[in-house]
Amino acid sequence: MKLSPKQLEQFDRDGYLFFPSLFTPEETRTLNDAVPELYSRHEAWNVRESGSDAVRTNFAAHMSSKPFAKLARHPRMVQPVQDLLGEALYMHQFKINGKMAFEGAIWQWHQDYGTWMNDDMMPTERAMNVAIFLDDVNEFNGPLMFIPGSHKKGVIEAKHDLTTTSYPLWTVDNELIASLVARAGGKQGGIVSPQGPAGSMIVFHSCLVHASTSNLSPWNRVSVYLSLCAVSNHIRRHKRPEYIAHRDFTPITCLPDDCLLKDYPVDLPWQNGLPATALQTSTTPFDEMKQAA
Ligand code: SIN
Ligand code: MN
């Protein structure tokens, strides 16, 4: 799937592209069917909403679950990102966010690159986010919201919020959000939220400011978030466990377009559990560690 000059221009201006119904219901079902088993496990890689058993974020399903391992190599997902970054990619982070009916809590306003820079020492913003809806997303079940064009601001000052939700995040303060929204058109398009059926996909810039509200509706809003990074821009330290910030910088090789519906061999290195090394962390950049060794 090659992006058109119009799409490239749109991405440059707005910081995101929306592809409604990119995956068929049959393809999406293969992913949805694998979620309950993943969410049922009480493991470090399932972060739950505070005070609830509902899963907020499941990390690294592509390392142990075949349908998600295939999605991580799907050409309809990888190629647009490769077009935009013009380089081979590796998987920096892989999440299945629950935002479950009645339970899903907010995600504060933030840029993802702020976290990758501050926590993982990712050198530049040459990384991209992809969201794939596994449920229909509507105005009621906590859709992702963007401030169009906010990626042009580069890295915005952020503070490390450890208290608002069960997941720590580098967040942007309200005053700055208000001015970014005003600059993006205020009530006329200053905030947008792409909505559509399960199987829709959004590609968005790692500096695009985004957030989502809580889900008080009776409808789950399960979405997969894949963060792909240019290989040359790989992270420089392992401050976070490997299931959150991956350490294998091997370029992704795509499977054929029908991979979600057919059987293809994929590596599932964590099928029998996380290796102990995946939990090891350090605040020292790893090239400095190598020099010291
Ligand atoms: C995220 O920003 O990483 C998640 C946002 C959401 O799931 O709504
Ligand atoms: Mn985010």
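Our subject is the structure that appears above.
Now for a description of the structure that goes with this document.

What about the site of ligand 1?
Surrounding ligand 1, one finds Lys95, Asn97, Trp107, His110, Leu144, His210, Ser212, Arg221 and Tyr225. Between ligand 1 and His210 there is a distance of 3.0 Å, counted from an oxygen atom to a side-chain nitrogen or oxygen. Between Tyr225 and ligand 1, the recorded distance is 3.1 Å, taken from a side-chain N or O atom to an oxygen atom. Within the complex, 99% of the 260 Å² of free accessible area of ligand 1 lies under protein. Taken together, the elements giving at least two residues each to the shell around ligand 1 come down to strand 4 (89–97), strand 5 (107–110) and strand 11 (210–212). Residue composition of the shell around ligand 1, by class: three nonpolar, four polar and two charged.

Observations regarding the coordination of the manganese ion (ligand 2)
In the first shell of the manganese ion (ligand 2), the protein supplies His110 (NE2), Asp112 (OD) and His210 (NE2), at 2.1 to 2.2 Å from the metal. In the primary sequence, the donor residues of the manganese ion (ligand 2) line up as H-x1-D-x97-H. Taken together, the positions of His110 in strand 5 and His210 in strand 11 put the pair 100 residues apart, joining distant regions of the chain. His210 matches His110 in its accessibility class, with the two residues each being buried.

Comments concerning helix 5 (residues 75–85)
Working note: α-helix, 3.6 residues per turn, so residues spaced by three or four point in the same direction. Residues of helix 5 that are buried: Pro75, Arg76, Met77, Val78, Pro80, Val81 and Leu85. At its buried positions, helix 5 is contacted by helix 2 (25–32), helix 4 (66–71), strand 4, strand 6 (127–133), strand 10 (201–205) and strand 12 (223–230). Looking one or two residues beyond helix 5, the residue adopting positive phi is Gly86, at roughly 65 degrees.

Observations concerning the state of the cysteines
Under the criterion given, the structure shown has zero disulfides. The structure places no disulfide on Cys229, whose sulfur is separated from the nearest cysteine sulfur, that of Cys207, by 12 Å.

A word on the nonpolar core
Soluble globular proteins: nonpolar side chains tend toward being buried together. Membership of the largest hydrophobic core comes to 38 residues, with the highest contact counts inside it found for Phe68, Met77, Phe94, Ile96, Val130, Ile132 and Met201. Those elements that provide at least two residues to this core are strand 1 (16–19), helix 3 (35–40), helix 4, helix 5, strand 4, strand 6, strand 10 and strand 12. What Phe68 contacts, discounting residues up to four positions off in sequence, is Leu31, Ala34, Val35, Leu38, Ala61, His62, Phe94, Ile96, Leu134 and Val224.

A short note on the pattern of salt bridges
Evaluation of the coordinates by the stated rule reveals 14 salt bridges. A salt bridge links Arg41 to Glu37, with the nearest nitrogen and oxygen atoms 3.7 Å apart. The partly exposed category is assigned to Arg41, whose relative accessible area is 31%. For Glu37, a relative accessible area of 45% translates into the label partly exposed.

Observations concerning the packing of aromatic side chains
Overall, the coordinates contain ten aromatic pairs when judged by the stated rule. With 4.9 Å between their ring centres and 50 degrees between their planes, Phe146 and Phe204 make a pair best called tilted. Residue Phe146 is located in strand 7 (residues 144–146), and its partner Phe204 is located in strand 10; the two are separated by 58 residues in the primary sequence. Classification of Phe204 as buried rests on a relative accessible area of 0%. Here the aromatic rings of Phe249 and Phe286 are separated by 6.3 Å at their centres, their planes lie at 25 degrees, and the arrangement is stacked. Here Phe286 lies in helix 8 (residues 286–292) and Phe249 lies in the loop between strand 12 and helix 8, a separation of 37 residues in the sequence. Per residue, the accessibility class of Phe249 equals that of Phe286, and both read buried.

Topic: the sheet that holds strand 12
Read across the sheet, seven strands follow the order 1-10-6-12-4-3-2 without closing on themselves; strand pairing throughout is antiparallel. The open sheet has two free edges, formed respectively by strand 1 and strand 2 (46–48), since each of these has just one partner strand. Going from strand to strand, the sheet's axes swing by 15 degrees on average, the running direction of each strand aside. With three bridges joining them, strand 2 and strand 3 (residues 55–59) adopt antiparallel strand pairing. From the neighbouring strand, Asn46 faces strand 3, where its bridge partner is Asn58. Lying over the sheet, helix 5 contacts strand 4, strand 6, strand 10 and strand 12, oriented at roughly 155 degrees with respect to strand 6.

Considerations on the side chain of Arg240
Residue placement: Arg240 occurs in the loop between strand 12 and helix 8. For Arg240, a relative accessible area of 10% corresponds to the buried category. Within polar-contact distance, the side chain of Arg240 engages the side chain of Asp120 at 2.8 Å. Leaving out residues up to four positions away in the same chain, Arg240 has contacts with His92, Gln93, Thr115, Trp116, Asp119, Asp120, Tyr167, Ala245, Arg247 and Thr281.

Rules of the game
- Residues numbered from 1 in each chain as written.
- Chains lettered and ligands numbered in written order.
- Predicted model: local features only at pLDDT ≥ 70, side-chain atom pairs only at ≥ 80, totals over all residues.
- Heavy atoms only, no water.
- Near = heavy atom within 4 Å.
- Polar contact = N/O pair within 3.5 Å; in protein donor to acceptor, adjacent residues only side chain to side chain.
- Areas by Shrake-Rupley, 256 points an atom, 1.4 Å probe, with all protein chains shown as cover.
- Helix = DSSP H or I, 4+ residues; strand = E, 2+ residues; numbered from the N terminus.
- Nonpolar A, V, L, I, M, F, W, Y, C, P; charged D, E, K, R; others polar.
- Donors = N, O, S within 2.8 Å, 3.2 Å for Na, K, Ca; no water.
- Buried < 20%, exposed > 50% of the residue type's maximum accessible area, 1.4 Å probe, protein only.
- Contact = heavy atoms within 4.5 Å.
- Disulfide = S-S within 2.5 Å.
- Core = buried A, V, L, I, M, F, W, Y, C linked by side-chain atoms within 4.5 Å.
- Salt bridge = Lys/Arg side-chain N within 4 Å of Asp/Glu carboxyl O.
- Phe/Tyr/Trp six-rings, centres within 6.5 Å; stacked < 30°, edge-to-face > 60°.
- Pairing = 2+ DSSP bridges.
- Axes fitted to C-alpha atoms, helices over the stretch in contact; angles between N-to-C directions.

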